[in-house]
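# Observations on the model geometry
So the chains spell out like this:
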Amino acid sequence: MYHSAINCDSNAGNFVSKPFLSHNMAGDLLGRLYGIEAKRLRELPSYYDQNFYVRVLGEDGRGGKDCGKFVLKVINGDESEQQAGCYQEIVRVLCSLQGEDGVAYPMPLKNLQGGYLSLQRFHRRSDGAQGLFLILLLSYVPGTVLSDVELTNQDLYGVGRAVASLNKKLLEYKGPVDRLKERANTCKWCLTSVAEVKRFIDGVPDAEQRSLAGSVLDRFLREVKPMEKTMRKGLIHTDMNRGNILAQPSLGPINEKLGTNDVKPTIHQSVSHIVSGIIDFNDMALECLVYDVAGSLMDIMLGCKDKQPLVAGGHFLAGYTSVVQLTRMEWQSLYVSTAARLVQILVLSLDDFRQSNQSNEYIMRFERAGGWEMLKELWETPQQKVEALWEELSINRH
């Protein structure tokens, strides 16, 4: 599962966390670790890590022909050093998810040593920086990210079904998850640890936004946090936003043969897209199920903020609850959890953007998309009104 042939002490020398591989370095790595020659390499957007789209043609060094497309993942130094155990568990989960249900997930591929993960040392000549990064090769999942797709209400219903189908699979997973359980209590991106976000609120320059963020977090900690002990828990994706959900154009009326993201066969309506894949499982953790729902719901509404976002969220939830029913407690916590997730992303992204010397605009995509405006609209709409709308849409679609 895991291979390292180097001294892992990253405290000695000028070590950096953000991966810095050039295309040449990535190509050499592919040949050395996997015995393949990349005919095309393209760097993909990433928050902390470095990801490369890899196209391979011809023999792969192991007798294979036309090897296809992959994603080379270079995991940041901090997580490579501190969370290798989490990534070993994530690889096992991904291997268990493969199946013909209409939605594809990235498949981990073994290196020449027979393992999935390998810790490698790199050196940057320009400034002498060094890095220790975990390397993982994944199958490429085709499709267009939902953030680039104009979604109809029927599409949103299908997205909800696909998200719920993955949640259902993860809830049923029986493998070891001790490290991913620990992660929920230590990772700042997990809603379980959202209290940590309060330390960063003072960094928000706008006074009204600071007050709004504080109000949301205070209510979450007061009303939702105490319910964690009794709410349903399991493995969750944690980052199932529109950038990690892929779609392809629909070829016609939806039916049961299209897989888990279809609509009920009694609804004879064409949709413009169906969910074809879900990617980027790096942030997986063992948390309350409703936190994953809240994260997806938040981003769905953000993507529809200019056209009835609360209604769009209702269609997503209608699809979700047609596969996985929410308990009364989960319904009651969803409104505040959704707002808290948006606060978490907006506040922490701003801090990370500053830490990166404002060099990675990808980090700020939620704020640039109007995250604060969406949060204000949601928070100023009474919870009872929002819940009534969401539940009505769900009931009418079932």
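Residues numbered from 1 in each chain as written. Predicted model: local features only at pLDDT ≥ 70, side-chain atom pairs only at ≥ 80, totals over all residues. Heavy atoms only, no water.

## What to know about the pattern of salt bridges
Defined as follows: We define a salt bridge as a side-chain nitrogen of Lys or Arg found within 4 Å of a carboxyl oxygen belonging to Asp or Glu. Starting at the N terminus, helices and strands are each numbered in turn, a helix being any DSSP run of H or I of at least four residues and a strand any DSSP run of E of at least two. The rule is simple: take the accessible area with a 1.4 Å probe, protein chains only, and divide by the maximum for that residue type; under 20% is buried, over 50% is exposed, in between is partly exposed.
All chains considered together, the criterion is met by 13 salt bridges. With a closest N to O distance of 2.7 Å, glutamate 150 and lysine 307 form a salt bridge. In this pair, glutamate 150 sits in the loop between strand E8 (144-145) and helix H4 (153-171) while lysine 307 sits in the loop between helix H7 (289-303) and helix H8 (309-321), placing the two residues 157 residues apart along the sequence. Here arginine 199 ties to glutamate 196 by a salt bridge, and the two come within 3.0 Å at their closest N and O atoms. By relative accessible area, which is 38% here, glutamate 196 ends up partly exposed. Linked through salt bridges whose partners overlap, the residues forming this network are Arg219, Arg222 and Glu223.

## Here's the deal with a positive patch on the surface
Inclusion rule: Grouping into patches uses exposed residues only, defined as over 30% relative accessible area, and leaves out salt-bridged ones; the cut-off is 9 Å for like charges and 5 Å for nonpolar side chains (Val, Leu, Ile, Met, Phe, Trp, Tyr). For the accessible areas, the method is Shrake-Rupley and the probe is 1.4 Å, while residue cover comes only from the protein chains on display. Lys and Arg are tallied as positive, Asp and Glu as negative. Neither His nor the chain termini are counted. The atom standing in for a charge is NZ when the residue is Lys, CZ when it is Arg, CG when it is Asp and CD when it is Glu.
Where like charges cluster on the molecular surface, the positive patch consists of Arg40, Arg42, Arg55 and Lys69. Within the element layout of this structure, lysine 69 appears in strand E4 (residues 68-74).

## Remarks on the sheet that holds strand E10 (residues 245-249)
Basically, it comes down to this: DSSP calls a pair of strands paired once it identifies at least 2 bridges connecting them. Note on definitions: a residue-residue contact is assigned when non-hydrogen atoms from the two residues lie within 4.5 Å. Helix axes are fitted only over the stretch in contact, all axes being lines through C-alpha atoms; the angle between N-to-C directions runs from 0 to 180 degrees.
The strand order across the open sheet formed by 3 strands is E8-E10-E11, and the pairing between neighbours is antiparallel. Looking along the sheet, the strands with just one partner apiece sit at the ends: E8 and strand E11 (273-278). Two elements, E10 and E11, share 5 bridges in a ladder whose sense is antiparallel. Residue alanine 247 lies in a different strand from E11, and its bridge partner there is valine 275. Packed onto the sheet, H4 meets E10 and E11 and runs at close to 25° relative to E11.

## Let's talk about the nonpolar core
The line we're drawing: Residues grouped as a nonpolar core are buried Ala, Val, Leu, Ile, Met, Phe, Trp, Tyr and Cys residues, joined through side-chain atoms within 4.5 Å.
Ranked by internal contacts, the top residues of the largest apolar core, which has 105 residues, are Leu235, Phe281, Tyr291, Leu334 and Trp390. The element contributing the most residues to this core is helix H9 (residues 328-355), with 14 residues. The next biggest cluster of nonpolar side chains, apart from the first, holds 19 residues, and it includes Leu30, Phe70, Val74 and Phe122.

## Some points on the side chain of serine 80
Convention followed: Any pair of N or O atoms that falls within 3.5 Å is considered a polar contact. Within protein, one atom must be able to donate a hydrogen and the other to accept it, and sequence-neighbouring residues count only if both atoms are side-chain atoms.
When you line up the elements, serine 80 lands in helix H2 (residues 77-82). Take serine 80: its relative accessible area is 2%, and that puts it in the buried class. For serine 80, the side chain forms a polar contact with the main-chain oxygen of isoleucine 75, separated by 2.9 Å. One polar contact links the side chain of serine 80 to the main-chain amide nitrogen of leucine 134, over a distance of 2.8 Å.

## A short note on H9
For clarity, the cut-off: To estimate the expected span of a helix, count its residues, drop one, and scale the result by 1.5 Å. Across the chain, bend at a residue is computed as the angle between axes fitted to the seven residues ending at that point and the seven starting from it.
Between its first and last C-alpha, H9 extends 40 Å over 28 residues, near the 40 Å set by a 1.5 Å rise per residue. The sharpest bend along H9 measures roughly 45° and falls at leucine 334. For H9, a buried count of 22 out of 28 residues is recorded, marking the element as mostly surrounded by other parts of the structure.

## Digging into the environment of glycine 31
By the secondary structure assignment, glycine 31 is in helix H1 (residues 23-34). Along the chain, glycine 31 and leucine 112 lie 81 residues apart, while their C-alpha atoms are 9.8 Å from each other.

## Some remarks on the packing of aromatic side chains
Heads up, the rule is: Centres within 6.5 Å make a pair out of two Phe, Tyr or Trp rings, where for Trp the six-membered ring is used; the pair is then stacked when the planes are under 30 degrees apart, edge-to-face when over 60, and tilted otherwise. Here, a charge over a ring is recorded when the distance from Lys NZ or Arg CZ to the ring centre is within 6 Å and its angle to the ring normal is within 35 degrees.
Taken as a whole, this structure holds 9 aromatic pairs when the rule is applied. Residues phenylalanine 20 and phenylalanine 133 carry aromatic rings whose centres are separated by 5.7 Å and whose planes lie at 75° to one another, so their mutual orientation is edge-to-face. Highlighted residues: phenylalanine 20 in the loop between strand E1 (2-4) and H1 and phenylalanine 133 in strand E7 (residues 130-139), separated in sequence by 113 residues. The same class applies to phenylalanine 20 and to phenylalanine 133, which are both buried. On the basis of an interplanar angle of 80° and a centroid distance of 6.1 Å, the ring pair of tyrosine 105 and phenylalanine 281 is categorised as edge-to-face. Taken as a pair, tyrosine 105 in the loop between helix H3 (84-97) and strand E5 (108-109) and phenylalanine 281 in the loop between E11 and strand E12 (285-288) lie far apart in primary sequence, 176 residues in all. Both residues of the pair, tyrosine 105 and phenylalanine 281, belong to the buried class. Members of the aromatic cluster, connected to one another through ring pairs, are Phe20, Phe122 and Phe133. When the ring centre of tyrosine 53 is taken as origin, the NZ or CZ atom of arginine 42, which lies over that ring, is 4.8 Å away. Positioned over the ring face of phenylalanine 20 is arginine 124, at 4.7 Å from the centre of the ring.

Structural measurements only, silent on function.
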